[in-house]
Amino acid sequence: MLPIGLVLSMTAVGCSGVLPEDVTPTPVPLTLAAPSATWTPALSPTVTETPTPSATPTATLFTPSATPSVAVTPTSTPTPVIGARVNTGGVGLRLRAVPGSSGEILDLLDDGTRLQATGRTPDGSWLRVVTPQGLVGWMMTSYLALDDVPDSLVTVDLAGAVAEAPPPSTGARVAADGAGLRLHQQPDELSPVEASLDALDPLAIMGQSADGLWLRVATEADGVGWVWAEYVDVFVDLRAVPVGGGDNVSATLAAQALITPTTPPTAVAVLRPFYPNARVQEGRGGLRVRSSPGTAGAELVRLTELAELEIIGRTADNAWLEVVTPERNSGWVWAGYVQAAIDLNTVPVSGVAADAPPVAVAAVPADGGLPGPPPAIYEDVYIRAPLPVISGVSDHARAIFRQGQSLGNRANVFSKVGDSITAVDWFLYPLGWDVYDLAGHPELAPAVSYFSGATARDGNSFANESLAAYPWWTTETVLTPGQSPGGIGAGLCQPGESPLACEYRVVRPAVALIMLGTNDIHLISFAEFQRNLRQIVQLSIDRGVIPVLSTIPDQLNARGGDVRLYNEFIINTARAFDVPLWDYWGAMRGLSNYGLSEDGVHPSLAPGETRSAAVFTPENLYYGYTVRNLTALQVLDAVWRQVLN
């Protein structure tokens, strides 16, 4: 995981003229790779930052009761030794008697000075070194170039020896890792510098910038100025600190001196700078932030569409991203709903995904409530005995149709419910645009004519833009009020109405072709998918719409095994509710690459794309979308002949 705070820069050392321990933390702008879309994140704050050394020393806070003394336990000989040299970019480095920014300064060594490292602190942030003159002392690891990794060095027993000052009697202090914090005349990195402050210097807070990123402080010896809030430990309530601030230094010092705690105070958190490099995609219905990568992670918060994010980590397959929100909350989100403005391969791997296990499904209740799967299991009924393309058109479907007619549904209208595999122009649209060739399937012509005879909403059913189908949608999305495909439902759907309910109310279909699950595998838990799919089927039945459930195509990636699990539940749900099943997965099994395109998720397209997607010649039926259109038409034909006609 990347560190939350900014780190100090070796490069800045060579340019500032101050010692490395006094380097001012100066924010650096992100260099963003060109995003695939036109969106460019607006960085806030607009500041500059210097590159940082890879290791940031983290001092261990210690409140000594008296002046600390070093109690170093001699080690047995021979002591491991590593060659080292001062590496500060042209500026010297202090040799201290004990590790810590308040340790007594023994010497100032020039850049390039050769040293012998003989020990280290437990966290490795300071090394014990021997100078060419024989002095023994401590230096910050970040500013030393080492001939070998320091892990082999002896860890020195420093009980009571890390030199850090006690909390101040004023309202704030320079943080332990803030040595060299610059005191500016104005809250601007380009403003003139009045002084460089030492770590743990006491401060009195007089004001703050409107964005809270800068504090106006009074110091004991260097006057008044502005400092970067990230490197200040605050012991007062910043909500009571005015923006801008007054000029009565003595009154401010006197007031804040009264808050001296009897026990070490707890610093009030100061929000770190937020550098957005991504955002939640539009049209996805928002995004869940989880405590860990994968659907097993607990849901922490839900983000709205277009919410800005800062990506700080990822899983090795780039499927999950560790992010920080504008409120400085951190967690994990699925990458499929994120529009990144950086190359994800430049982000460090910081987690491994784990998904929630499937839950047991209850048996079919006798009272007709929400049913579960029948006893048969997926491998037995599905792999060893392939299903027909369409099955389950029964008397129950006819009963649903009759109920729908009494509610005003239209017999020659159907709806499409799904994700991008359903919403694209090459699924069924060519049939509605009269860009098709039934070739060896003339028996399907009456079904085309029947469902082309009425306007569903903005076109006949084949070419109608569904209010319940959109890229990246899941079973959860179609049931969530307020979701709208590209905004088209904004003036059509009622407050509190889900996209599915809106589609059924506006279009009044007799049949719904439903294929969902491809995105659910990545975005929600299997238990949630189970619950949602049942609700979708029940809502359809209640509205007098015959739900035709489709199995989903394979996924040629690490999640492909989950397709079997999801299809098992789709099949069992269709059987339990006694509604038609469309086995698109089975129809794709004999095709090259299982009928999938190069991305291993979406069906493949025949040459000519939209103009060929509904041309059912033998050569085109090697492609996934042509098979999808043909089997969809076969499903509609079967329902028309056995139920609607």
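Residues numbered from 1 in each chain as written. Predicted model: local features only at pLDDT ≥ 70, side-chain atom pairs only at ≥ 80, totals over all residues. Heavy atoms only, no water.

Turning to the state of the cysteines, a few remarks are in order. Applying the stated criterion across every chain yields a total of one disulfide. Residue Cys493 pairs covalently with Cys502 via a disulfide, S to S 2.0 Å. Around the S-S axis, the bridge from Cys493 to Cys502 shows a dihedral of about -95 degrees and counts as left-handed. For Cys502, a relative accessible area of 0% puts it in the buried group. (Disulfide = S-S within 2.5 Å. Buried < 20%, exposed > 50% of the residue type's maximum accessible area, 1.4 Å probe, protein only.)

In space, the five strands of this open sheet follow the order S23-S27-S26-S25-S24, with mixed pairing throughout. Of all the strands in the sheet, just strand S23 (390–391) and strand S24 (410–418) have a single pairing partner and so form its edges. Inspection of the sheet shows strand S26 (residues 546–550) paired to strand S27 (residues 581–582) by two bridges, in the parallel sense. Residue pairing for S27: Ser550 is matched across the bridge by Trp582. Its contacts with the sheet place helix H4 (residues 395–406) against S24, strand S25 (509–515) and S26, and it is angled at close to 135 degrees to S26. Helix-sheet contacts for helix H13 (residues 624–644) involve S23, S24, S25, S26 and S27, and the interaxial angle to S25 is about 145 degrees. (Pairing = 2+ DSSP bridges. Helix = DSSP H or I, 4+ residues; strand = E, 2+ residues; numbered from the N terminus. Contact = heavy atoms within 4.5 Å. Axes fitted to C-alpha atoms, helices over the stretch in contact; angles between N-to-C directions.)

Attention shifts here to the packing of H4 against H13. Viewed as axis vectors pointing N to C, H4 and H13 meet at an angle of 75 degrees, and their least axial separation amounts to 10 Å. Regarding the angle of H4 to H13, the classification is roughly perpendicular. On H13, the residues touching Ala397, Arg398 and Phe401 of H4 are Gln642, Val643 and Leu644. Tallied by class, the residues present in the contact of H4 with H13 amount to four nonpolar, one polar and one charged. (Parallel < 35°, antiparallel > 145°, perpendicular 65-115°, else oblique. Nonpolar A, V, L, I, M, F, W, Y, C, P; charged D, E, K, R; others polar.)

Non-glycine residue Leu428 carries a positive phi angle of around 70 degrees. Among the structural elements, Leu428 can be located in the loop between helix H5 (420–423) and helix H6 (429–432). The class for Leu428 is buried, based on a relative accessible area of 0%. With phi around 55 degrees, Arg508 is a residue other than glycine that occupies positive phi space. Within the element layout of this structure, Arg508 appears in the loop between helix H8 (499–507) and S25. On the basis of relative accessible area, Arg508 is assigned to the partly exposed category, the value being 34%.

Within strand S21 (residues 330–334), four of the five residues are buried, which leaves the element mostly enclosed by the surrounding structure. Taken together, the five bridges between strand S20 (residues 320–324) and S21 define a ladder with antiparallel strand orientation. Counterpart to Val324 in the pairing with S21 is Ser330. What sits between S20 and S21 in their antiparallel hairpin is a turn of five residues, with Arg328 showing a positive phi close to 70 degrees.

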